[in-house]
Amino acid sequence: MNKNKEQLLNKRYKAEQRFRLYGQSAIFMALLFLTIFIFKIFSTGYSAFQKTWLIVPVNFDAELMMLDENPTKQDIEDADYYEIALQSMWNLDPNANEDQQNQLKRMVSYFFEREIKQELLKDPNLLGKTKEVYLTASDDLDQVFKGNYPRDLPEDQRRVSDYQLKIFDQLVANGNVESKFNISFFTNADSREAELAGIASSFMGSIFSILVCLMIAFPVAVLAAIYLEEFAPKNRFTDFIEVNINNLAAVPSIVFGLLGLGVLLAIFQLPRSTPLVGGITLSLMTLPTIIIAARASLKAVPPSIREAALAMGASRMQTTMHHTVPLSMPGTLSGTIIGLAQALGETAPLILIGMVAFVNTIPGSPMDPAASLPVQIYIWAESAERGFVEKVSACIMVLLGFLIIMNLFAQIIRHKFEKKWS
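Residues numbered from 1 in each chain as written. Predicted model: local features only at pLDDT ≥ 70, side-chain atom pairs only at ≥ 80, totals over all residues. Heavy atoms only, no water.

Draft legend 1. Quick look at the overall build of the protein. In terms of regular secondary structure, the protein is built from 17 helices and three strands. Its C-alpha atoms give the protein a radius of gyration of 30 Å, more than 25% over the compact-globule value 22 Å for 422 residues. Taken along its principal axes, the extent of the C-alpha atoms in the protein is 95 × 70 × 40 Å. Counting every position in the protein, which comprises 422 residues, the buried fraction comes to 42%. Within the protein, counting contacts between residues at least 6 apart in sequence, those at least 24 apart form 76% of the total. Per element, the accessible surface of the protein, about 23300 Å² overall, is 61% carbon and sulfur. Mean positive and mean negative side-chain charge positions of the protein (37 and 42 charges, respectively) differ by 20 Å. (Helix = DSSP H or I, 4+ residues; strand = E, 2+ residues; numbered from the N terminus. Rg over C-alpha atoms; globule rule 2.2 N^0.38 Å. Buried < 20%, exposed > 50% of the residue type's maximum accessible area, 1.4 Å probe, protein only. Contact = heavy atoms within 4.5 Å. Areas by Shrake-Rupley, 256 points an atom, 1.4 Å probe, with all protein chains shown as cover. Lys, Arg positive; Asp, Glu negative; His and termini not counted. Charge placed at Lys NZ, Arg CZ, Asp CG, Glu CD.)

Draft legend 2. Representation of the environment of L276 within the structure. Mapped onto the secondary structure, L276 falls in helix α12 (residues 275-300). Separated by 273 residues in the primary sequence, L276 and K3 have C-alpha atoms spaced 74 Å apart. Once you skip the residues sitting within four places of it in the chain, L276 turns out to touch V212, P366 and M367.

Draft legend 3. Focus on the packing of helix α9 (residues 200-231) against α12. In the contact formed by α9 and α12, the axes pass within 6 Å of each other and the chain directions differ by 35 degrees. By crossing handedness, the relation of α9 to α12 is classed as right-handed. Of the residues contributing to the contact of α9 with α12, the split by class is 21 nonpolar, five polar and four charged. (Axes fitted to C-alpha atoms, helices over the stretch in contact; angles between N-to-C directions. Left-handed = near helix turned anticlockwise from the far one by under 90°. Nonpolar A, V, L, I, M, F, W, Y, C, P; charged D, E, K, R; others polar.)

Draft legend 4. Fine view of a negative patch on the surface. On the surface, D68, E69, D75 and D78 cluster together to form a negatively charged patch. Examined against the element boundaries, D78 turns out to sit in helix α2 (residues 73-78). (Patch = residues over 30% accessible without salt bridge, like charges linked within 9 Å, V, L, I, M, F, W, Y side chains within 5 Å. Salt bridge = Lys/Arg side-chain N within 4 Å of Asp/Glu carboxyl O.)

Draft legend 5. Just the side chain of D140, in detail. On the secondary structure map, D140 appears in helix α6 (residues 139-145). For D140, a relative accessible area of 8% puts it in the buried group. Residues within four places of D140 in sequence aside, it is in contact with Y149, R159 and V160.

Draft legend 6. Representation of the packing of helix α3 (residues 82-90) against helix α4 (residues 98-105) in the model. α4 packs onto α3 with a crossing angle of 105 degrees between their chain directions and a minimal axis gap of 9 Å. The orientation of α3 with respect to α4, classified from their angle, is roughly perpendicular. Of the residues in α4, those in contact with Y82, L86, M89 and W90 of α3 are Q101, L104 and K105. Along the lines of polarity and charge, the residues of the contact of α3 with α4 split into five nonpolar, one polar and one charged. (Parallel < 35°, antiparallel > 145°, perpendicular 65-115°, else oblique.)

Draft legend 7. Spotlight on the sheet that holds strand β3 (residues 177-181). If you trace the three strands from one edge of the open sheet to the other, you get β2-β1-β3, paired in antiparallel fashion. Only two strands of the sheet have a single partner each, and these edge strands are β2 (130-136) and β3. Neighbouring strand axes in the sheet, compared pairwise and without regard to direction, differ in orientation by 40 degrees on average. Sheet contacts for α3: β1 (50-59) and β2; angle to β1, the most-contacted strand, approximately 100 degrees. Sheet contacts for helix α5 (residues 112-122): β1 and β2; angle to β2, the most-contacted strand, approximately 135 degrees. (Pairing = 2+ DSSP bridges.)

Draft legend 8. Summary view of unusual backbone geometry. For M66, which is not glycine, the phi dihedral falls at a positive 55 degrees. By secondary structure assignment, the location of M66 is in the loop between β1 and α2. One non-glycine residue, S273, adopts positive backbone phi at about 65 degrees. Of note, S273 is situated in the loop between α11 (253-265) and α12.

Draft legend 9. Seen up close, the domain arrangement of the protein. You can read the domains of the protein as domain 1 (52-182) and domain 2 (200-421). Averaged C-alpha coordinates put domain 1 and domain 2 at centres separated by 47 Å. If you look at the interface, domain 1 gives nine residues, while domain 2 gives five residues. Buried area between domain 1 and domain 2, both sides added, is near 500 Å², and the carbon and sulfur share of it is 40%. For the domain 1 face of the interface with domain 2, the top three residues by lost area are D139, Q143 and R159, together amounting to 52%. The tally of links between domain 1 and domain 2 comes to one salt bridge. For the side of domain 1 that touches domain 2, the residue count by class is two nonpolar, three polar and four charged. (Domains from an automatic or database assignment. Buried area = accessible area lost by both parts, 1.4 Å probe.)

Draft legend 10. Structural context of α5. F112, E115, I116, K117, E119, L120 and L121 are the residues of α5 that are buried. The inward-facing, buried residues of α5 abut β1, α2, α3, α4 and β2.

Below, the structure written as structure tokens:
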């Protein structure tokens, strides 16, 4: 008998050990996949935060720009810089033929005229002098310098010719190629050219969308939660509402995109591709999440708080607004931030309302056309240029950082202001 009990006990211990092993294995696998994901994103995207510059001597010839000896700032602003920009690139190889001159021009971005212009505007005394100017390298040469471009392919399979590689190698050997922090990644709007594309437009689009979402979803959700939890009678109608709120929290986000497309754009004729429409659509999607979080926070407040306030002569409204709601606010705010973080990462509803359009301007208000960070990732992922590959990962890094900060903020609010009830 004792032997049977001992065998049964050993069997239970072994089962417990196996269960612990299964749990540890699951945690290990989750951490492994997370590590692989983060490593892949960071190893691909970190180079996007560096930008390659070609240092090219530029002769600010007043005659080529058709300027007088003492031009005004407006004259310098209106001058034609195309000829001196071309001449500066052609001077890299004075013996280049016409085809090679075209290849030299393609070694820098089409922005090179403006970069030369900005240099002269900063220092008008450069007129008639020669100065080395930093010009943005093309996305292909940028990838070559970063080691992401296969140079061993046949020339007809590369976008960079052997001649361009030869001139580029000479510039590298002479110290005329530098890599600096890519501030334009954060200040530029989207562009068809990978070396000039930035996230400023999509970042501001996400900010405006989240602000619109917060302004609509938070007050409506909190008021709905207060009514359902504190004032609504418990009957079949309120039970029906509660069931549907829980069901709405599980509805795929693309359904809310269809709602925005069919109602906000088709019926109310709101401006397409704007953070205003995106924010309203995201607020509809976020409402159930915030309502559920707010109701859970209200339920967590002990009944004794309400009873004490009512016993002191407070009305039901005063009890709710002066005692119950303030004590439940930390949980409500943390749930709101988590809901907004979820909305920030949504793509499908924004694509349906037109925020997938190419926008090369930075929006100044929720009424201006814009993209968002998740949609920007989608747009760049569809681009064929090699330079967009690293920018996709870099944009994911920015989005992940934003989400981590929002979730961290939610945890700080919860731990700092949450009340512990004994």
